[in-house]
Amino acid sequence: MSDGAAKSWWQAAKELSLARKVVTPTREACARPGDSFLIVTEGKVTEPVYFQLLRESLQLATVTVKIQPGRASYPKHVINSAADEVTALARRVKKKQTAINEVEKYDHVWAVIDTDVAVRQGIWPDVQQLADSRGVKLAHSTPCFEFWLLLHIQGYTTRADLLNGDLAKAAVEKALGKEYSTNEETAKAVIPTFLAKWPEAFQHAQRVRAHHRAASTPPPGNPSTEVDQLVCALNDAATEHYRKIKL
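To start, this report covers the structure provided alongside it. These numbers were taken from a predicted model, which means no experiment stands behind them. (Residues numbered from 1 in each chain as written. Predicted model: local features only at pLDDT ≥ 70, side-chain atom pairs only at ≥ 80, totals over all residues. Heavy atoms only, no water.)

Points about the packing of aromatic side chains
Each aromatic ring pair is described using two quantities: the centre-to-centre distance and the angle formed by the ring planes.
Okay, step 1: Evaluation of the coordinates by the stated rule reveals five aromatic pairs.
Okay, step 2: Between Tyr-50 and Phe-145, the ring centres sit 5.7 Å apart and the planes meet at 80°, which makes this aromatic pair edge-to-face. One end of the pair, Tyr-50, is in helix α2 (residues 46-57); the other, Phe-145, is in helix α6 (residues 145-153), with 95 residues separating them in the sequence.
Okay, step 3: Overall, Tyr-50 belongs to the buried group, its relative accessible area being 0%.
Okay, step 4: When its relative accessible area of 1% is taken as the criterion, Phe-145 is described as buried.
Okay, step 5: With a centroid separation of 6.4 Å and an interplanar angle of 85°, the aromatic rings of Tyr-180 and Phe-194 are classed as edge-to-face. (Phe/Tyr/Trp six-rings, centres within 6.5 Å; stacked < 30°, edge-to-face > 60°. Helix = DSSP H or I, 4+ residues; strand = E, 2+ residues; numbered from the N terminus. Buried < 20%, exposed > 50% of the residue type's maximum accessible area, 1.4 Å probe, protein only.)

Take a look at the structure:
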């Protein structure tokens, strides 16, 4: 093949690549393959079950995702639980007391919390400040985690009637068409129904965020969720074959 022909082939390949990028915009990765995670949840059943099953779905065998309910169902306690676990791990590493399969550091530290109580008590800015000061990212939902679940089965919505956790849970049960509760047996039975649709929920959550941004809604918008950002990071930590949303 002549140099001219080779150059022509290379130019054609480059043009094709550029065309694909125009048609399918890329996004920045939320995490790197093999990153380790600490996820501390406010809920003791629904959220741990959800993230355990998500980890299995993404085949995160090389990623440490530690699900650890916070010391109390209160955002500040959940944040402090996460930060204290990071400190405890650092101590074990220093003393060479880590378990065989234990990571030496967490690449991502998240607290999965609801905002309804914090907003009602007027302490939401304090919650955010605490998380920033302790190096913990917030996967928060307004009014509660059930709004993230609702996006799986109802689709995109910014309905204004989800004023508290009880109303959000009732909306999930209605959309689901069968019993929904936060007890362990029911959660394990219904969470797989949601999990199959998490890539759609991811897109819906981004649309909800854009809606509030366009409306200049004071944060946190009701309803809204940031759980999609944690899910994005877990997705990107998986090997390419198992990712459900592409870069």
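What follows continues from the structure just given.
Points about the state of the cysteines
Okay, step 1: Enumeration according to the criterion identifies one disulfide in this entry.
Okay, step 2: The disulfide that involves Cys-30 links it to Cys-232, with 2.1 Å between the sulfurs. Between Cys-30 and Cys-232 the disulfide shows an S-S torsion of about 75°. By sign, it is right-handed. One end of the pair, Cys-30, is in the loop between α1 (3-23) and β1 (37-41); the other, Cys-232, is in helix α10 (residues 227-237), with 202 residues separating them in the sequence.
Okay, step 3: With relative accessibility at 30%, the residue Cys-30 sits in the partly exposed group. (Disulfide = S-S within 2.5 Å.)

Some thoughts on the pattern of salt bridges
Okay, step 1: Under the criterion given, the structure shown has nine salt bridges.
Okay, step 2: Two residues, Arg-134 and Asp-84, come together in a salt bridge whose shortest N-O distance is 3.2 Å. Here Arg-134, found in the loop between α5 (124-133) and β4 (137-142), pairs with Asp-84, found in helix α3 (residues 75-94); they are 50 residues apart in sequence, far enough to count as distant.
Okay, step 3: Arg-159 is paired through a salt bridge with Asp-161; the nearest N and O atoms lie 2.8 Å apart.
Okay, step 4: In the salt-bridge network here, residues are joined through shared partners; they are Glu-85, Arg-92 and Glu-102. (Salt bridge = Lys/Arg side-chain N within 4 Å of Asp/Glu carboxyl O.)

Comments concerning α5
Okay, step 1: Regarding α5, the residues found buried are Trp-124, Val-127, Leu-130 and Ala-131. Within α5, the buried residues cover an arc of 120° as seen down the axis, which keeps them to one side. Residues Pro-125, Gln-129, Asp-132 and Ser-133 are exposed on α5 and point more than 90 degrees away from its buried face.
Okay, step 2: Elements in contact with the buried residues of α5: α3, β3 (108-114), α4 (116-120) and β4. (Arc of directions from axis to C-beta. Contact = heavy atoms within 4.5 Å.)

Concerning the nonpolar core
Okay, step 1: Counting residues in each nonpolar core, the largest one holds 45 residues, and the members touching the most others are Phe-37, Tyr-50, Phe-51, Trp-148 and Leu-234.
Okay, step 2: No other element matches the seven residues that α10 contributes to this core.
Okay, step 3: The next biggest cluster of nonpolar side chains, apart from the first, holds 20 residues, and it includes Val-78, Tyr-106, Val-127 and Ala-131. (Core = buried A, V, L, I, M, F, W, Y, C linked by side-chain atoms within 4.5 Å.)

So, the packing of α6 against helix α8 (residues 184-195)
Okay, step 1: Where α6 contacts α8, the two axes come as close as 8 Å, and the packing angle between them is 60°. Of the possible angle classes, the one that applies to α6 and α8 is oblique. Residues Leu-149, His-152 and Ile-153 of α6 pack against Ile-191, Phe-194 and Leu-195 of α8.
Okay, step 2: For the contact of α6 with α8, a count of residues per class yields five nonpolar, one polar and no charged. (Axes fitted to C-alpha atoms, helices over the stretch in contact; angles between N-to-C directions. Parallel < 35°, antiparallel > 145°, perpendicular 65-115°, else oblique. Nonpolar A, V, L, I, M, F, W, Y, C, P; charged D, E, K, R; others polar.)

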